[in-house]
Every structure is written in C-alpha cells, then in structure tokens.
Amino acid sequence: MTGLLALLATLTAKPAAALYDVKPEEIPGKPGTVIRVWPLEGGGPGGGEAFRILYRSTGLRGEPIAVSGAVFLPNGPVPAGGRETIAYAHPTSGVMPPCAPSLRPDTAGLIWGLGEMLQAGYVVAATDYPGLGTDTMHPYLYGVSEARSVLDSVRAARSLERAGASDRFVVWGHSQGGQAALFTGQIAGSYAPELKLMGVAAAAPATYLLELFKNDYHDEGGKILTAMALLSWARIKDVPLKNVVEPNVMEPFIETAEQCLESPEQIITLNKDAQPLEAGKFLKVDPTVAEPWRSIMLDNTPGRQRISVPVFLAQGTADTTVEPSVTRQYGAELCKQGTRVHFVEMPGVTHTFAAKESVSAALQWMEERFRGAPAPTSCGG
C-alpha cells in the first residue's frame, strides 16, 4: 500500500511547465549521441543519480530528430565489465509534447520496480518517445519509431561516463511500451548492431492493432485511446480529421485527444472531455477497414520480423484494454517463429496494473538472461 500511495502522490504533482527546447542546428548527428543533460529532480530511489537527457534519434522518414528521456544510475562502484542496462518503454501517456513522462516532477515514481532495478545494479534508460517532450507530433503506436528511440536511449545512457554501462541490455515495456519492446526486439540487430540485446519483456503489450481497436473503440476507455491514435495519425499522414470524425463532436474529440494520461486529475478531465464522444458513434468510418488507418494498424503490428532473443510476456486475465486472447495468440505466433516465450498469466489483474504485478517475475527473468541461464519456454512441443 505504501508504494501505491507514493505513486499516487507522484502522479498528483503538477507537471513541469517547460518543454525540451532544441535548435534545428543541434539535431543532426549520430543516433544515440547526447545533446544535453540535466539533473533529474528527486533523483532515483535509494539515492542514486538520475538525469533528464535530450538525445538524437531517427524519425519516420529516416531524418535526424531529438528525443527526450531519463537515465537512472545505481549507487556503488562500476563492476568489472560494466553495468547492464534495462531500457524501459512506458505505457500511453498522450500524444502531445507536454505528456512526456520525464517532465513529471518525480519521473521515478512512474516506473514500477525501479528501486529493485537500481538495487540490482542496473542502469535504467527511459525514453519519452519522439514527440513527447520535444515540439513535434508523437507517432503514437508507430512501432519502429518507438523502438529506435528505445535503442538510442541505451546508446545515450552508455555515453554518460558515470553510467559505466556495458553493451548488454534488456528491454521492458507495458502496453504501448510493450509494443515498443517487441519492435525493439525485431530491429535491434539491424539498427544498433553494436548493442547486445539479451531479452525482451512486455506486460499487456499492444500487438494485433486491428483486433485491439475493434475491441476498444466501442467502450468508454477505448474511445480516449482511439481519439489519441487518430489525431496522431491524421497529423502525421496530413489527412483531414473531418474524413474520420463526425463534425458535431470535432471539438470534444480534439480536446480529448490532446490531453495527457498520467495523473488522476488528467484522467478525470479526460473522462469529462470524452463524454460527448458516444462510444462507437463518434467516427464516420470504421478505422479498422478504412484507409489509411487500416494500413497504419497492419504496418505497426509486431510479428513480421522474428525476435531472435527470448521473450517474456505477462498478461492479466481481467484486462479489458488488451484482450488476453490477443496476447496469447501473439505468443503462439512467436513460438511458431522459433522464439522462446515465457508466458505469465495473472488471474484477476487489469490492464492498469499489469506491469506492477509482473515486474518481480520480469526482473528475475532478466537476471537469468544476463547470467546466461537457459531461457524457460511456454511453447508446446
């Protein structure tokens, strides 16, 4: 209960007012190199050092971009061979620049299990994803975009001399961050071949986007996520929102889509703003059928490339945002591709608490990957 109260206290704090400013001439450079570093207010659990970072990554069209995030360092001397890194990929926080987790007054409180990670001696690199923190549109649920920012956050953390980070890392994500983790597993070898990915861990990940959207946009919570996705995709693709949103609800649709989803107050505001969006009836077309929305969902569904390292999947049975059967189906497909999948089912656990309830098992699984133990598998046969 103490941990939950601490998290709620963190979430109810006011967000930082300033965004990350970056000049155009500062952006070009090698992906993963650091543009600026600031001490992170509040530091990390246990007194370790923590920093906000602004670093270089790669945009949707291959162009150089700036991405923000945070890096947490454990106490104690750097061991021989360096420290391993956990790359943390966060769940949905919104699609607008102010929704960056690292802009929160105590970013550390948003990462379940962070204290245990640091106590175990890991460096933790937590990207904000492109467009969160920096003044551009966040490509929401664009898997490769998320994955590049994750991989470049590991590169950026390694470049901090005080981190003492080795080239070995795992990626851990929840919900949207679960999708980011899975895409990281797909592209790590080609995008960041100098890094050694040891495993991919995901809690209630967004996988088959068509199925998830079909399940979600008819319910109360799903319409908020649908609004965020369609606003992001429309602006990225330069498609008029009037092509997909009913004109009589355009104003509340935009108000809903531009909110952040990080604190109890924001959730209350979101639910109020979204009330005019009658579930399933605020759209002109079915985005799972109409273009360009359908193609965006298909292109950003993981599974087209094999993940060559072991995968940890955790899924709550009471999840109404990510249907448990969808995660099980994805895990089965990974097994068919020859990936060793450890599937953890959590009875009665909802989407919100999927990471909280699985982080201890995930950390044990990560430690075994770094130690070189044989990876467990839930795959039959």
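Note that the structure is a prediction, hence the values are computed from the model and not measured.

Thresholds applied
Residues numbered from 1 in each chain as written. Predicted model: local features only at pLDDT ≥ 70, side-chain atom pairs only at ≥ 80, totals over all residues. Heavy atoms only, no water. Helix = DSSP H or I, 4+ residues; strand = E, 2+ residues; numbered from the N terminus. Rg over C-alpha atoms; globule rule 2.2 N^0.38 Å. Buried < 20%, exposed > 50% of the residue type's maximum accessible area, 1.4 Å probe, protein only. Contact = heavy atoms within 4.5 Å. Phe/Tyr/Trp six-rings, centres within 6.5 Å; stacked < 30°, edge-to-face > 60°. Lys NZ or Arg CZ within 6 Å of the ring centre and 35° of its normal. Polar contact = N/O pair within 3.5 Å; in protein donor to acceptor, adjacent residues only side chain to side chain. Disulfide = S-S within 2.5 Å. Arc of directions from axis to C-beta. pLDDT = per-residue confidence, 0-100. Axes fitted to C-alpha atoms, helices over the stretch in contact; angles between N-to-C directions. Parallel < 35°, antiparallel > 145°, perpendicular 65-115°, else oblique. Nonpolar A, V, L, I, M, F, W, Y, C, P; charged D, E, K, R; others polar. 1 Å grid on protein atoms, 1.4 Å probe; cavity = no way out; pocket = protein on both sides within 12 Å on 5 of 7 lines; lining within 4 Å. Points joined across faces, edges and corners; volume = space filled by probe spheres on them. Pairing = 2+ DSSP bridges.

S.K.: Explain the overall build of the chain here, please?
M.R.: Helix and strand counts for the chain stand at 11 helices and 9 strands. Against the compact-globule benchmark of 21 Å for 381 residues, the chain has a radius of gyration of 19 Å, which places it among compact chains. If you line up the chain on its principal axes, its C-alpha atoms span 65 × 55 × 45 Å. Within the chain, the proportion of its 381 residues that are buried is 56%. For the chain, long-range pairs separated by at least 24 residues make up 77% of all intrachain contacts whose partners lie at least 6 apart in sequence.

S.K.: What am I meant to see in the packing of aromatic side chains here?
M.R.: Both the distance between ring centres and the angle between the ring planes are used here to describe each pair of aromatic rings. All chains considered together, the criterion is met by 7 aromatic pairs. With a centroid separation of 5.4 Å and 50° between ring planes, the pair formed by Tyr20 and Trp38 is classed as tilted. Taken together, the residues Tyr20 in the loop between helix H1 (2-12) and strand E1 (34-39) and Trp38 in strand E1 connect sequence positions 18 residues apart. Exposure remark for Tyr20: the relative accessible area of 6% places this residue in the buried category. You can call Trp38 partly exposed: its relative accessible area is 30%. Ring centres of Trp172 and Phe312 lie 6.5 Å apart, and the angle between their planes is 70°; this geometry places the pair in the edge-to-face category. Taken as a pair, Trp172 in strand E6 (residues 165-174) and Phe312 in strand E8 (residues 311-316) lie far apart in primary sequence, 140 residues in all. For Trp172, a relative accessible area of 1% gives the class buried. In textbook terms, an aromatic cluster arises when at least three aromatic residues are bridged by ring pairs, as seen for Trp172, Phe312 and Trp365. Directly above the ring of Trp112 sits Lys356, whose terminal nitrogen or CZ lies 5.8 Å from the centroid.

S.K.: Can you walk me through the environment of His351 in this structure?
M.R.: Mapping His351 onto the fold places it in the loop between strand E9 (341-346) and helix H11 (354-371). The buried category is assigned to His351, whose relative accessible area is 12%. Along the backbone, His351 and Pro324 are 27 residues apart, and their C-alpha atoms lie at a distance of 9.8 Å. In this view, His351 contacts His174, Ser175, Ala204, Asp319, Thr321 and Val322; residues no more than four positions away in its chain are not counted. Of the polar contacts made by the side chain of His351, one reaches the side chain of Asp319; its length is 2.8 Å.

S.K.: Would you mind showing me how to read the state of the cysteines here?
M.R.: Applying the stated rule across the entire model yields 2 disulfides. Here Cys99 engages in a disulfide with Cys260; their sulfurs sit 2.0 Å apart. Residues Cys99 and Cys260 are joined through a disulfide that is left-handed, its torsion about the S-S bond being -90°. On the criterion of sequence distance, the pair formed by Cys99 in the loop between strand E4 (83-89) and helix H2 (114-119) and Cys260 in the loop between helix H7 (250-257) and helix H8 (264-273) is long-range, its members being 161 residues apart.

S.K.: Quick question: what am I supposed to make of helix H5 (residues 209-216) here?
M.R.: Since the α-helix packs 3.6 residues into each turn, any two residues three or four apart lie on the same face. Every buried residue of H5 is accounted for by Leu209, Leu210, Leu212, Phe213 and Asp216. One face of H5 carries all of its buried residues, which in axial projection span an arc of 165°. Lining the buried residues of H5 we find helix H4 (176-191), helix H6 (220-237), helix H9 (293-299) and helix H10 (324-336).

S.K.: Would you explain the confidence of the model for the chain in this entry?
M.R.: Close reading of the predicted structure is inappropriate where its pLDDT is low. Averaged over every residue, the pLDDT of the chain is 91; the share at 70 or more is 91%. Below pLDDT 50 for its whole length, residues 1-18 participates in 25 contacts with residues either more than four positions away or in separate chains.

S.K.: Quick question: what am I supposed to make of the packing of helix H3 (residues 143-159) against H4 here?
M.R.: Packed helices, taken two at a time, are described by the angle between their axes plus the distance between the axes. Packing of H3 against H4 brings their axes to within 7 Å, and their N-to-C directions diverge by 70°. Here H3 lies roughly perpendicular to H4, going by the angle between them. Contact residues: Gly143, Val144, Glu146, Ala147, Arg148, Val150, Leu151, Asp152 and Arg155 in H3; Gln176, Gln179, Ala180, Phe183, Thr184, Ile187, Ala188 and Tyr191 in H4. Looking at the contact of H3 with H4 residue by residue, the classes come out as 9 nonpolar, 4 polar and 4 charged.

S.K.: Please clarify how the layout of surface pockets should be interpreted in this entry.
M.R.: The probe, sized like a water molecule, is rolled over the atoms to show the empty space still left. In this structure, the second largest pocket encloses a volume near 290 Å³. Taken together, 17 residues line the second largest pocket, and the ones lying closest to its centre are Glu63, Ile65, Pro130, Thr136 and Met137. Considering only residue class, the lining of the second largest pocket consists of 9 nonpolar, 5 polar and 3 charged.

S.K.: When you look at the pairing of strand E3 (residues 64-72) in this model, what are you seeing that I'm missing?
M.R.: In terms of burial, E3 is a largely internal element, 8 of the 9 residues being buried. Sheet analysis places strand E2 (residues 50-58) next to E3, joined by 9 bridges and oriented antiparallel. Note that in E3 the partner of Leu54 across the bridge is Ser68. Between the antiparallel neighbours E2 and E3 lie 5 residues, among them Gly62 with a positive phi of about 85°. Examined bridge by bridge, E3 and strand E5 (residues 123-127) share 4 bridges and lie antiparallel to one another. Residue pairing in the sheet places Ala70 in a bridge with Ala126 of E5.

S.K.: Please clarify how unusual backbone geometry should be interpreted in this entry.
M.R.: Across the chain, the bulk of peptide bonds are trans and the bulk of non-glycine residues have phi less than zero. Cis geometry marks the peptide bond from Glu291 to Pro292, where omega comes out at 5°. Along the chain, the position of Pro292 falls in the loop between H8 and H9. Look at Tyr129: it is not a glycine, yet its phi comes out positive at around 75°. Backbone geometry at Ser175 places phi at a positive 60°, although glycine is not the residue there. Judged by relative accessible area, Ser175 falls into the buried class, the value being 11%.

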